[in-house]
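Fold and geometry: a report
Residue strings, one per chain:
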Amino acid sequence: MVDTGSHDEVDRIVAAWQRERPDLDVGPLEVLSRVSRLARHLDLARRGAFARHDLETWEFDVLAALRRAGAPYRLSPGALLTQTLVTSGTMTNRIDRLEGKGLVGRQPSPDDRRGVLVQLTDAGLRRVDAAFADLLASEHTLLADLPDPDRAALASLLRTILTPFDTPH
């Protein structure tokens with residue numbers, strides 16, 4: 001453990017496990033327990049940012065996928081499934097609920113008579129843009145004490161860990 005002069009809850013947990021189970025290498029806790037704890041704080045910050053715009057996390061996920069698609073901000077339900085990692089039935093329910101709130105609409109696919117496309121409405125576009133700006137403000141605050149070079153290094157290290165999970169087998 002590198003001593004930076006400050007200690008967090010993970011340091012206390014690691015020290016206790018080292019004391020109680022000196023036979024085990026508890027090194028992974030140094031990184032992964034911090035990632036887990038940070039994920040909880042990030043989740044709370046995200047929920048707060050979305051709630052300020054009357055959105056649930058899943059609603060933002062669907063709206064954001066449509067927004068990232070670029071104008072005219074529409075995707076097939078299948079493409080939404082791929083981006084949000086939910087089942088077909090769950091996606092249908094989510095589209096129905098977002099449509100009920102006036103944030104998305106369905107339209108026939110010009111390429112497939114039987115297919116539909118889900119498209120952001122003007123209200124959905126305004127809502128997702130405002131929520132995203134609020135989210136970024138929250139996330140900048142979370143990273144405020146980390147200098148830019150350290151952010152870049154951390155992003156690179158996390159990418160190394162995550163890439164095998166995000167690569168199709």
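Residues numbered from 1 in each chain as written. Predicted model: local features only at pLDDT ≥ 70, side-chain atom pairs only at ≥ 80, totals over all residues. Heavy atoms only, no water.

Thoughts on the packing of helix α4 (residues 77-84) against helix α5 (residues 88-100)
Where α4 meets α5, the closest approach of the two axes is 10 Å, and the angle between their N-to-C directions is 110 degrees. Between α4 and α5, the interaxial angle falls into the category roughly perpendicular. Here Pro-77, Leu-80, Leu-81 and Thr-84 of α4 lie close against α5, whose contacting residues are Ser-88, Met-91 and Ile-95. For the contact of α4 with α5, a count of residues per class yields 5 nonpolar, 2 polar and no charged. (Axes fitted to C-alpha atoms, helices over the stretch in contact; angles between N-to-C directions. Helix = DSSP H or I, 4+ residues; strand = E, 2+ residues; numbered from the N terminus. Parallel < 35°, antiparallel > 145°, perpendicular 65-115°, else oblique. Contact = heavy atoms within 4.5 Å. Nonpolar A, V, L, I, M, F, W, Y, C, P; charged D, E, K, R; others polar.)

Here we look at the environment of Val-35
By the secondary structure assignment, Val-35 is in helix α2 (residues 27-51). Residues Val-35 and Pro-108 lie 73 residues apart in sequence; the distance between their C-alpha atoms is 43 Å.

Some details on the packing of helix α3 (residues 57-68) against helix α6 (residues 122-142)
Orientation of α3 relative to α6, taken along the N-to-C sense of each, is 105 degrees, at an axis distance of 10 Å. Looking at the two axes, α3 sits roughly perpendicular to α6. Residues Phe-60, Leu-63, Ala-64 and Arg-67 of α3 form the contact with α6, whose own contacting residues are Leu-125, Val-128, Asp-129, Ala-131, Phe-132 and Leu-135. Across the contact of α3 with α6, the residue classes break down as 8 nonpolar, no polar and 2 charged.

Comments concerning the nonpolar core
By size, the foremost hydrophobic cluster in this structure holds 24 residues, and its most contacted members are Phe-60, Leu-63, Leu-66, Leu-80, Val-104 and Leu-120. Look past the residues within four positions of Phe-60 in its chain and what remains in contact with it is Phe-50, Leu-55, Val-128, Ala-131, Phe-132 and Leu-135. (Core = buried A, V, L, I, M, F, W, Y, C linked by side-chain atoms within 4.5 Å. Buried < 20%, exposed > 50% of the residue type's maximum accessible area, 1.4 Å probe, protein only.)

Some thoughts on the pattern of salt bridges
Under the definition given, this model contains 14 salt bridges. Each of the salt bridges in this network shares a partner with another, and the network as a whole consists of Asp-8, Asp-11, Glu-30 and Arg-34. (Salt bridge = Lys/Arg side-chain N within 4 Å of Asp/Glu carboxyl O.)

Digging into unusual backbone geometry
What is expected of a backbone is that most residues other than glycine have negative phi and most peptide bonds are trans. The omega torsion across Ala-71 and Pro-72 is 10 degrees, close enough to zero to call that bond cis. Relative to the helices and strands, Pro-72 is located in the loop between α3 and β1 (74-75). At Leu-85, a residue that is not glycine, the phi angle is positive and equals roughly 55 degrees.

Digging into the UniProt feature "domain: HTH marR-type" (unreviewed entry) in the protein chain
Here, the residues flagged by UniProt with the feature "domain: HTH marR-type" (unreviewed entry) are residues 28-163. Span residues 28-163 is 69% helix and 9% strand, its end C-alpha atoms 18 Å apart. (UniProt positions renumbered as here; feature names shortened; annotations may be inferred.)

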